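Listed here are the chains, written in short residue letters.
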Amino acid sequence: SGCSKPTYTGRPNVLLIVSDTTRADVISSLCGSQQKASTPHIDELARDGAVFCESFSQSDRTIHSINSMLTSRHPFELLDHWPNSPPDGGHLATILRQQGYSTVEFHAAEILNTDHYPPMREFQKTMDMPQGMVRLRGMEISLRARRWFQ
C-alpha cells in the first residue's frame, strides 16, 4: 500500500526506481527511516509521488525479481519463457507504451544488457553498459538519466 497519495492533474509520469543493494533505512523519505536528508533527490520525488512502504522480493536473485516486477508474474511462471518475456505482452514497458508513454531504462549491471537479458528490449530506449564493464556507479547512472531527460 502507498504511504502517500500523489496529487496531479492529467496523466502522471511513471518512474520506477529499483535498487537491490540499498537498505531502506538509509533513504530518508522511506517509512520508518531515521536518516535526516541523506537522499534529497529521492526525497523530492517521494514528496510528489507515491511511496510504497512494504514490498517483498519474489526471488533471492535480482534478475528473477526484476523480471517478476516487470511482468507481474511469479518467477516460476516465467521459467518456461526464460530469458524472454512472456509472449502475451504483459511486460510493464509494453503496457505503458500501449498507453502512449515513452519508455526508457537505465541499469548498472552488465547482466541486464539487452544481449544478455532480452526483456529489456521491451523498452523503447535502453542504456546498455559499455562492453567490458561489469558495473556502473550510481552517480554515472544518474548522469545518464539526467542527460536523457533533458
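What counts and how
Residue positions are counted from 1 within each chain, in the order its sequence is given. Two thresholds apply to this predicted model, a pLDDT of at least 70 for residue-level local features and 80 or more for giving and counting side-chain atom pairs, whereas whole-chain, interface and lining totals are computed over all residues. The side-chain values count all of the structure's non-hydrogen atoms but skip hydrogen atoms and water molecules. Secondary structure is summarised from DSSP: a helix means a run of H or I of at least four residues, a strand means a run of E of at least two, and numbering begins at the N terminus for each. Throughout, exposure labels follow a simple rule: accessible area from a 1.4 Å probe, protein chains only, divided by the maximum for the residue type, with under 20% read as buried, over 50% as exposed, and the rest as partly exposed. A contact between two residues is defined here by any heavy atoms of the two lying within 4.5 Å. We define the nonpolar core as a collection of buried residues of types Ala, Val, Leu, Ile, Met, Phe, Trp, Tyr and Cys that are connected through side-chain atoms lying within 4.5 Å of one another. Think of it this way: a Phe, Tyr or Trp ring, Trp meaning its six-membered ring, pairs with another when their centres are within 6.5 Å, and the plane angle makes it stacked under 30 degrees, edge-to-face over 60, tilted otherwise. Counting as a charge over the ring demands two things of the Lys NZ or Arg CZ atom: a distance within 6 Å of the ring centre and an angle within 35 degrees of the ring normal. Pairs of N or O atoms are called polar contacts if they sit within 3.5 Å, as long as, within protein, a hydrogen donor faces a hydrogen acceptor (for residues adjacent in sequence, only side-chain-to-side-chain pairs). Per-residue confidence from the predictor is reported as pLDDT, a score between 0 and 100. The salt bridge criterion pairs a side-chain nitrogen of Lys or Arg with a carboxyl oxygen of Asp or Glu, the two atoms within 4 Å.

1. Points about the overall build of the protein
Looking only at helices and strands, one finds 5 helices and 2 strands in the protein. When the elements of the protein are put in sequence order from the N terminus, they spell out α-α-α-α-β-β-α. Residue burial in the protein is summarised as follows: out of 150 residues, 31% are buried. Taking the intrachain contacts of the protein between residues at least 6 apart in sequence as the baseline, contacts between residues at least 24 apart amount to 39%.

2. Brief notes about helix H2 (residues 62-71)
Within H2, 8 of the 10 residues are buried, which leaves it mostly tucked inside the rest of the structure. Every buried residue of H2 is listed here: Ile63, His64, Ser65, Ile66, Asn67, Ser68, Leu70 and Thr71. The inward-facing, buried residues of H2 contact helix H3 (75-78) and helix H4 (92-98). Taken from the residues just after H2, serine 72 is the one with a positive phi, measuring 60 degrees.

3. A short note on the nonpolar core
Formed by Ile63, Ile66, Leu70, Ala93, Leu112, Tyr117, Met120 and Phe123, the largest nonpolar core amounts to 8 residues. At 3 residues, the largest contribution of residues to this core is made by H2. Those residues in contact with isoleucine 63 that lie beyond four places of it in its chain are Trp82, Ile111, Leu112 and Tyr117.

4. Some details on the packing of aromatic side chains
In the structure shown here, the tally under the stated rule is 0 aromatic pairs. One Lys or Arg, arginine 11, reaches over the ring of tyrosine 101 and ends 3.9 Å from the middle of that ring.

5. Some points on unusual backbone geometry
Here serine 72, not a glycine, exhibits a phi torsion of approximately 60 degrees, which is positive. Mapped onto the secondary structure, serine 72 falls in the loop between H2 and H3.

6. Side note on the side chain of histidine 107
Among the structural elements, histidine 107 can be located in the loop between strand S1 (104-106) and strand S2 (125-127). By relative accessible area, histidine 107 is classed as buried at 5%. Looking at histidine 107, its side chain comes within polar contact range of the side chain of glutamate 105, at 2.8 Å. With near-sequence residues (within four places) excluded, histidine 107 lies in contact with Leu112, Asn113, Met127, Asp128, Met129, Leu136 and Ile141.

7. Describing the confidence of the model for the protein
Atomic detail in the predicted coordinates should be set aside for any region of low pLDDT. Of all residues in the protein, 87% have pLDDT values of 70 or greater, and the mean over the chain is 78. Within the protein, H4 carries the highest mean pLDDT (90), whereas helix H5 (residues 138-149) carries the lowest (80).

8. Focus on the pattern of salt bridges
Inspection of the entire model under this criterion finds 2 salt bridges. Note that glutamate 140 is salt-bridged to arginine 144, the shortest N-O span being 3.4 Å. With glutamate 140 and arginine 144 both in helix H5 and 4 residues apart, this pair spans about one turn of that helix. Owing to a relative accessible area of 29%, glutamate 140 belongs among the partly exposed residues under this scheme. For the salt bridge of glutamate 140 with arginine 147, the shortest nitrogen-to-oxygen distance reads 3.8 Å. We classify arginine 147 as exposed; its relative accessible area is 52%.

9. Here we look at the side chain of serine 68
Residue placement: serine 68 occurs in helix H2. In this structure serine 68 comes out as buried when scored by relative accessible area, which is 7%. A polar contact is formed between the side chain of serine 68 and the backbone oxygen of arginine 73, at a distance of 2.5 Å.

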